[in-house]
Amino acid sequence: MKQSKFWLKLLVSVCVIMLITSVVGAAPKDGPVVSLSVTQGEFGASEDVFVTVTIFNPNKHTVRVLKWFTASGGVEEPLFSVMRDGEPVSYIGAHYKRPAATGKDYISLKSGASIVNTVNLGDYYDLSQSGQYEVAYGVAAFNLFDEKGNAFKYKDVLVSEKISLKVDGRAPKGKPTPPPTPPPGGNSFNACTVDQQSQLISARNQAKTYASNAENYVLGNNQGSRYVTWFGVYSSTRYNTVTDNFTAISNAMDTAGIAFDCKCKQNYYAYVYSNQPYKIYLCKVFWTAPLSGTDSKAGTLIHEMSHFDIVAGTDDVVYGQTGAKNLAISNPDDATRNADNHEYFAENTPALP
């Protein structure tokens, strides 16, 4: 199953690259444009690969951009398509669970204004191998320019021309130090109060129940409204993917040693690095969430566990119940790789058959 998850991630990367190639250099209608620049074309192994991202508003009116999909405040999404000698390069940055976007999550750009940020590419992408790299900024989201979205009929896109760099391989950067491994099925805690530790133990126990219930549902070949609501019209390929995902999630919830870290102060639920199982960082919103139900503590653990490459390798295509439901209708393939769709299926609130 691990190998199949790798090829799924590779296929997704190729699809993103195809999207970027098909629209590269194009500005969205009445939207901003984005460009990349570097100060040199070759980078030695000891040199950081700094790429400057400029998002410019050429229109006569103000435009808005969801800040998660900019490099403002750091890279919090796979903002770039990176290729090395024609092969996709892995994103090694964090995957977040966030509340649904609101107006305050957008950056307003007045006419003629720009957002300029410089990114150390090696902090977020695997530059461990030497080669000729092609880098393009490329993001796509239903609510990229408006928190109300566009009825989930199509994704807004923001892409740049590609730049080419020669990069000597270097040790990966930006990866947190792997935590001590808890015993199988056990928990370890970093910077968590006694009360937080108690909440996390309860949340994991509830997550085990959720994951087991979800696994039993799909193993029973049920195709009721619960499945259709979160994963769309039935196809055997998608159903098998969902079944494999929940089997892996349930097994990990039962048997993995999970390292919980409570230092995060961001206004998110949680985040993980997909290539570093099983460490989960808990953020501010997590502690205000209910134990069970929609967007719960237990559901958040399902969401984050699904991100790990050796579990289900999910992404964050959309956030929130409305977005997840619309995604299941408009793009069932994306729903089967979206973390929130797995969380809401597992939480099953309100209950569906």
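Above this note sits the structure.
Residue numbering note: each chain is counted from 1, following its sequence as written. Residue-level local features of this predicted model are given only where pLDDT is at least 70; pairs of side-chain atoms are given and counted only at 80 or more, and the full residue set underlies all totals for whole chains, interfaces and linings. No hydrogens and no water enter the side-chain calculation; it runs on all heavy atoms of the structure.

**Observations regarding the pattern of salt bridges**
Line of reasoning, step 1. We count a salt bridge whenever a side-chain nitrogen from Lys or Arg sits within 4 Å of a carboxyl oxygen from Asp or Glu. Inspection of every chain in the model, using the stated rule, returns 11 salt bridges.
Line of reasoning, step 2. Ionic pairing is found between arginine 98 and glutamate 76, a salt bridge with its closest N-O pair at 3.1 Å. Residue arginine 98 is located in the loop between strand S7 (94-97) and strand S8 (106-109), and its partner glutamate 76 is located in the loop between strand S4 (63-66) and strand S5 (80-84); the two are separated by 22 residues in the primary sequence.
Line of reasoning, step 3. For aspartate 295, the salt bridge is made with lysine 97, and the minimal N-O distance between the two is 2.8 Å. Remark: lysine 97 occurs in strand S7 and aspartate 295 occurs in the loop between helix H5 (284-288) and helix H6 (297-307); sequence separation between them is 198 residues.
Line of reasoning, step 4. Note on aspartate 295: relative accessible area 18%, which makes it buried.
Line of reasoning, step 5. When salt bridges with common partners are traced through the structure, they connect Lys97, Asp295, Asp340 and Glu343 into a single cluster. Think of it this way: any DSSP run of H or I at least four residues long counts as a helix, any run of E at least two long counts as a strand, and we number them from the N terminus. The buried label goes to any residue with under 20% of its type's maximum accessible area, the exposed label to any with over 50%, and the partly exposed label to all in between, with areas taken from a 1.4 Å probe on protein chains only.

**Comments concerning the sheet that holds strand S14 (residues 258-261)**
Line of reasoning, step 1. Any two strands are treated as partners once DSSP identifies two or more bridges connecting them. Taken together, 5 strands build an open sheet; the order of strands is S7-S15-S16-S14-S13 and the sheet is mixed. In the strand order of this sheet, the two ends are held by S7 and strand S13 (187-190), each with one partner. Each strand of the sheet is rotated relative to its neighbour by a mean of 25°, with strand direction disregarded.
Line of reasoning, step 2. Pairing geometry for S7 and strand S15 (residues 270-273), over 4 bridges, is antiparallel. When the sheet's bridge partners are listed, histidine 95 is paired in S15 with valine 272. Working convention: axes come from line fits to C-alpha atoms, limited for helices to the stretch in contact. Angles between N-to-C directions cover 0 to 180 degrees.

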